[in-house]
Amino acid sequence: MSEFKVAEIFTSINGEAMRAGETAVFVRFTGCNLRCNYCDSMYAVDENAEFSIKTDKEIVNYILESGIKNVTLTGGEPLIQPGIDELISMLLKNEELRVEIETNGAVDITPFKSISEDRLSFTVDYKCPGSGMEQKMLASNFEAVDKRDCVKFVVSDEADLDKAGRIIQKYDLIQKSTVYISAVFGRIEHTKIVNYMIEHKMNGVKLQLQMHKYIWSPDRRGV
């Protein structure tokens, strides 16, 4: 049995990625190996962040009792949690559950891709220069993603858009996975991203809105 430091566990809708708009149970772990300057879950980043201890069985039972079939493991950074592979395996034993892992792009996803299961997907961030964390990104993750997964570029300005375009082209990401561009909330207008995508003929790339930040207050937790 594994124990986890959990900042919050709740049911809401997916605001992002491939199951945006669908209900999901979110498990947010504490602790992260990055410090992005726009982090919207800073309350879960520090090792000393407020948390409760939950066992893998408690997490699984909460999810099963909710009746919700989509599960999102997030953070913080879920892939640095001791025992996370065991939790993933436990969740996937229930054939009705679909598990998405939101990871920050600075952790190697290759060991977890050995879990050959269509109900497991990864949303892999690429932190562009505006984050202050681009130097931590692992390009090797782009060799591991497949059609079950998506790659998300979080952009602050046109320089970030330029970098996203170069990375997408260099690693042929459109052919490998679903690719999203997401705005840092409050830093760049969505219209500017759309105009950039049109001008640069970014075929196959999807603009992503953080739906939950428009339904509720952008600072609200537990949604």
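Residues numbered from 1 in each chain as written. Predicted model: local features only at pLDDT ≥ 70, side-chain atom pairs only at ≥ 80, totals over all residues. Heavy atoms only, no water.

J.: Tell me what's going on with helix 6 (residues 190–199), and back it up with residues and numbers.
T.: Listed in full, the buried residues belonging to helix 6 are I193, Y196 and M197. Each buried residue of helix 6 sits inside an arc of 100° when the element is viewed along its axis, so together they form one side. Turned more than 90 degrees away from the buried face of helix 6 sit T191, I198 and E199, all of them exposed. Among the structural elements, strand 7 (150–155), helix 4 (158–170), strand 8 (178–183) and strand 9 (205–208) are those in contact with the buried residues of helix 6. The positive-phi residue at the C-terminal boundary of helix 6 is K201, with phi of around 50°. (Buried < 20%, exposed > 50% of the residue type's maximum accessible area, 1.4 Å probe, protein only. Helix = DSSP H or I, 4+ residues; strand = E, 2+ residues; numbered from the N terminus. Arc of directions from axis to C-beta. Contact = heavy atoms within 4.5 Å.)

J.: Residue-level account of the nonpolar core, with values.
T.: Soluble globular proteins: nonpolar side chains tend toward being buried together. Grouped together as the largest cluster of nonpolar side chains are 61 residues, with contacts concentrated most on F29, I59, L73, I88, L91, F153 and L173. Top element by residues in this core is helix 2 (residues 84–92). It accounts for five residues. Not counting residues within four places of it along the chain, the set of residues in contact with F153 comprises Y126, C128, A164, I167, I168, L173, V179, Y180, I181 and S182. (Core = buried A, V, L, I, M, F, W, Y, C linked by side-chain atoms within 4.5 Å.)

J.: Account for the side chain of T103, naming residues and giving values.
T.: Positionally, T103 belongs in strand 5 (residues 98–103). Residue class for T103 comes out buried when judged on its relative accessible area of 3%. Of note is the side chain of T103, whose polar atom sits 2.9 Å from the side chain of E77. Here T103 is in contact with E77, L79, I109, T123, V124 and D125, once residues within four sequence places are set aside. (Polar contact = N/O pair within 3.5 Å; in protein donor to acceptor, adjacent residues only side chain to side chain.)

J.: An account of the pattern of salt bridges is needed here, citing residue identities and associated values.
T.: With the rule as written, the count across this model stands at 12 salt bridges. Note that E22 is salt-bridged to R19, the shortest N-O span being 3.5 Å. A residue is classified by how much of its surface remains accessible, and R19, at 31% relative accessible area, is partly exposed. A salt bridge links E134 to K163; the nearest nitrogen and oxygen atoms lie 2.3 Å apart. Placement of the pair is E134 in the loop between strand 6 (120–127) and helix 3 (141–144) and K163 in helix 4, with a sequence separation of 29 residues. A residue is classified by how much of its surface remains accessible, and E134, at 18% relative accessible area, is buried. Accessibility expressed as a relative area gives 19% for K163, which makes it buried. Because the salt bridges share partners, they merge into one network encompassing E16, D125, K127 and K152. (Salt bridge = Lys/Arg side-chain N within 4 Å of Asp/Glu carboxyl O.)

J.: Which residues make up the sheet that holds strand 9, and what values do they have?
T.: In spatial order, the strands read 3-1-2-4-5-6-7-8-9; together these nine strands make up an open sheet with mixed pairing. Single-partner strands in this sheet number two, and they are strand 3 (52–55) and strand 9. Taken over all neighbouring pairs, the strand axes of this sheet differ in orientation by 30° on average, direction set aside. Here strand 5 runs beside strand 6; their pairing, made up of five bridges, is parallel. In the sheet register, I101 faces strand 6, and the bridge partner there is F122. Against the sheet, helix 4 makes contact with strand 6, strand 7, strand 8 and strand 9, and its axis sits at roughly 160° relative to strand 7, the strand it touches most. (Pairing = 2+ DSSP bridges. Axes fitted to C-alpha atoms, helices over the stretch in contact; angles between N-to-C directions.)

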